[in-house]
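The primary structure of each chain is shown beneath.
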Amino acid sequence: MNSFQTAKNSSIETFDLQGFIASEIFRGLEPDSYMSVSDWADAYRTLSSKSAAEPGRWRTKRTPYLKEIMDCLSPRSPIQKVVFMKGAQIGGTECGNNWIGYIIHKAPGPIMAISPTVEMAKRNSRQRIDPLIEDCPTLKNLVSSARSRDKGNTMLSKDFQGGVLVMTGANSAVGLRSMPARYLFMDEIDGYPADIEGEGDPILLAERRTATFNTKKKIFLVSTPTIKGVSAIEREFSHSDQRFYKLPCPFCGGFQALKWEQIRPQENGVVFYECEHCHKLIAEHYKTQMLEAGHWDATSESIDGLTAGFHLSSLYSPVGWLSWAECVQIYEKAKKDAIRKALTTAVDQLGIEDPATAAQLKAKISDLKFTQEQLDNGGTFTTEEIGGKIYT
């Protein structure tokens, strides 16, 4: 039992005040751990069935591209800000949760974790943070019990020896102003409002909370990008050193970052990746060995020299998670939805006076079948194809 819990559980008669003070003084003098976040995760982290498709012991080897990201979040790294622009099914949020567990255990201090909304912060607390603590005996011993009388463990606040984890939403200006933070974890920042209650960008508002910690601060921004040109994570990535994960071709050994234009769907539904060097088709089962042999390559210099940016599409998702075939299906569905939306908007702009006629046209658009040529060319359609006469 640690000295913090000993102090709470001891009576006045049995409590060793002198020993407690000495223990806390020496603990305060200890430097932050030289253990990396990735090593900590491999040694201590257990994934819960409540939030993970593969529950059990964490293995960085399963997602080797996360190692350098986590290690940049470690105290021994000079990097102060880490930006992770990612696709779906990559492991970005769990990477952040590993960091939170590491902080509680090895480098305690005040942590602020921000979700797009307060409700999402509550859900994240229940589904991810509570299991993170409960399934790790080391963390459970350091964090105040949810059943304790001191209210140190609530839905959005977790007290631990040497620090506190506060969770809030980017839609709450009060929450973002609640406390100074040495560590700041901002998840899915493209879901944040552009302005919060007239006080400006919630990302900038949150980052001000770290100012007093100067060189000891660490900031982690994670998100799937949304609209090109207005995406917050795209903006933050552009200010970083812009690292891309390069994989070796299993045939020629040439390294390359995976790009969508090299994806080669076949008529039978199988999807290959064409090597940009030797042009051979790579089957997806090679991806595991390719990921293990990959490395991050910085392509720029960050504005401040202290910001590392990582770009990773869903094409890197480990085998068994999101396949290349599923990526193609998602992409084609998105294109079809975009075409249908454009055609529906065009119907609205025609100024059709008869509501029944307009509704009929929209119904035909929703049932419209697309040829591959139409999808490849962005979708061009005659009025006969949408079943209507010409309206002007």
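Throughout, a residue's number is its position along its own chain's written sequence, starting from 1. Whole-chain, interface and lining totals are the exception, using all residues; otherwise, since this is a predicted model, local features are given only for residues with pLDDT of at least 70 and side-chain atom pairs are given and counted only at 80 or more. To obtain the side-chain values, all non-hydrogen atoms of the structure were used and water was disregarded.

### Thoughts on the packing of helix 5 (residues 92–106) against helix 6 (residues 118–134)
Next, step 1: Angles shown run from 0 to 180 degrees and are taken between the N-to-C directions of axes, each axis being a line fitted to C-alpha atoms and, for helices, limited to the stretch in contact. Secondary structure elements follow DSSP: runs of H or I of four or more residues count as helices, runs of E of two or more count as strands, with numbering from the N terminus. Two numbers describe how helix 5 lies on helix 6: the axes approach to 10 Å, and their chain directions differ by 50 degrees. With respect to their mutual orientation, helix 5 and helix 6 come out oblique. By crossing handedness, the relation of helix 5 to helix 6 is classed as right-handed. Here Thr93, Glu94, Asn97, Ile100 and Gly101 of helix 5 lie close against helix 6, whose contacting residues are Asn124, Arg128, Ile129 and Leu132.
Next, step 2: Residue polarity follows a fixed list, in which Ala, Val, Leu, Ile, Met, Phe, Trp, Tyr, Cys and Pro are nonpolar, Asp, Glu, Lys and Arg are charged, and the others, Gly among them, are polar. When the residues that make up the contact of helix 5 with helix 6 are grouped by side-chain class, the tally is three nonpolar, four polar and two charged. Roughly parallel means an angle under 35 degrees; roughly antiparallel, over 145; roughly perpendicular, 65 to 115; everything else is oblique. It is the rotation of the near helix from the far one that decides the hand of a crossing: anticlockwise by less than a right angle makes it left-handed, clockwise makes it right-handed. Only heavy atoms enter the contact rule, under which two residues are in contact if any of them lie within 4.5 Å.

### A short note on unusual backbone geometry
Next, step 1: Notably, glutamine 242 is not glycine yet its phi reads approximately 50 degrees, a positive angle.
Next, step 2: By secondary structure assignment, the location of glutamine 242 is in the loop between helix 10 (232–238) and strand 9 (243–248).
Next, step 3: Here the phi dihedral of histidine 279 falls at roughly 65 degrees; this positive angle occurs in a residue that is not glycine.

### Side note on the pattern of salt bridges
Next, step 1: We define a salt bridge as a side-chain nitrogen of Lys or Arg found within 4 Å of a carboxyl oxygen belonging to Asp or Glu. On inspection of all chains with the given rule, the structure shows 20 salt bridges.
Next, step 2: With a closest N to O distance of 2.8 Å, arginine 45 and glutamate 94 form a salt bridge. Placement of arginine 45 in the loop between helix 3 (37–44) and strand 1 (46–47) and of glutamate 94 in helix 5 is noted, with a sequence separation of 49 residues between them. Judged on exposure class, the residue arginine 45 and its partner glutamate 94 are both buried.
Next, step 3: Among the ionic pairs, aspartate 71 bridges to lysine 67, the shortest N-O distance being 3.3 Å. Note on exposure labels: buried denotes an accessible area under 20% of the residue type's maximum, exposed denotes more than 50%, and partly exposed covers the range between, all computed with a 1.4 Å probe on protein chains only.

### Considering the packing of helix 3 against helix 5
Next, step 1: Following both chains from N to C, one finds helix 3 and helix 5 inclined at 90 degrees, their axes separated by 9 Å at the closest point. Here helix 3 is positioned roughly perpendicular relative to helix 5, judged by the angle of their axes. For the pair formed by helix 3 and helix 5, the contact residues are Val37, Trp40, Ala41 and Tyr44 on the first element and Asn98, Trp99, Gly101, Tyr102, His105 and Lys106 on the second.
Next, step 2: In terms of residue class, the contact of helix 3 with helix 5 is built from six nonpolar, three polar and one charged.

### A look at the pairing of strand 6 (residues 163–169)
Next, step 1: By the criterion of burial, strand 6 is predominantly enclosed, with seven of the seven residues buried.
Next, step 2: Of the two faces of strand 6, the one carrying Gly163, Leu165, Met167 and Gly169 and the one carrying Val164, Val166 and Thr168 are both buried.
Next, step 3: With five bridges joining them, strand 4 (residues 111–115) and strand 6 adopt parallel strand pairing. Bridge pairing in strand 6 places isoleucine 111 opposite leucine 165.
Next, step 4: For two strands to pair, DSSP has to find at least two bridges joining them. Hairpin connection of strand 5 (residues 157–160) to strand 6: two residues between the antiparallel strands, including glycine 162 at a positive phi of 95 degrees.

### Some thoughts on the sheet that holds strand 11 (residues 263–265)
Next, step 1: Spatially, 11-12-13 is the arrangement adopted by the three strands of the open sheet, whose pairing is antiparallel. At either margin of the open sheet sits one strand with a lone partner, and together these are strand 11 and strand 13 (281–282).
Next, step 2: As paired elements, strand 12 (residues 271–274) and strand 13 share two bridges and run antiparallel to each other. Of the residues in strand 13, the one forming a bridge with glutamate 274 is leucine 281.

### A closer look at the confidence of the model for the chain
Next, step 1: On average, residues of the chain score 85 in pLDDT, and 76% of them reach the 70 mark or higher.
Next, step 2: Considering only residues more than four positions removed or in separate chains, one finds that residues 1–5, a stretch of pLDDT under 50, has 16 contacts.
Next, step 3: In the model, residues 22–30 has pLDDT below 50 throughout and makes five contacts with residues more than four positions away in sequence or in other chains. Across the chain, each position has a pLDDT score giving the predictor's confidence in that residue, from 0 to 100.

### A few points about the layout of surface pockets
Next, step 1: The volume enclosed by the largest pocket comes to roughly 680 Å³.
Next, step 2: Of the grid points, spaced at 1 Å and generated over the protein atoms alone, those admitting a 1.4 Å probe that cannot get out make up cavities, while open sets with protein on both sides within 12 Å along at least five of seven lines make up pockets; any residue with an atom within 4 Å of a point is treated as lining. Around the largest pocket, the lining is made up of 30 residues, and of these Ser51, Gly91, Thr93, Glu94 and Arg128 lie nearest the centre.
Next, step 3: Considering each element in turn, the lining of the largest pocket owes the most residues, five residues, to helix 6.
Next, step 4: When its residues are assigned to classes, the lining of the largest pocket shows 11 nonpolar, nine polar and 10 charged. Grid points are joined across faces, edges and corners, and a volume is the space filled by probe spheres set on the points.

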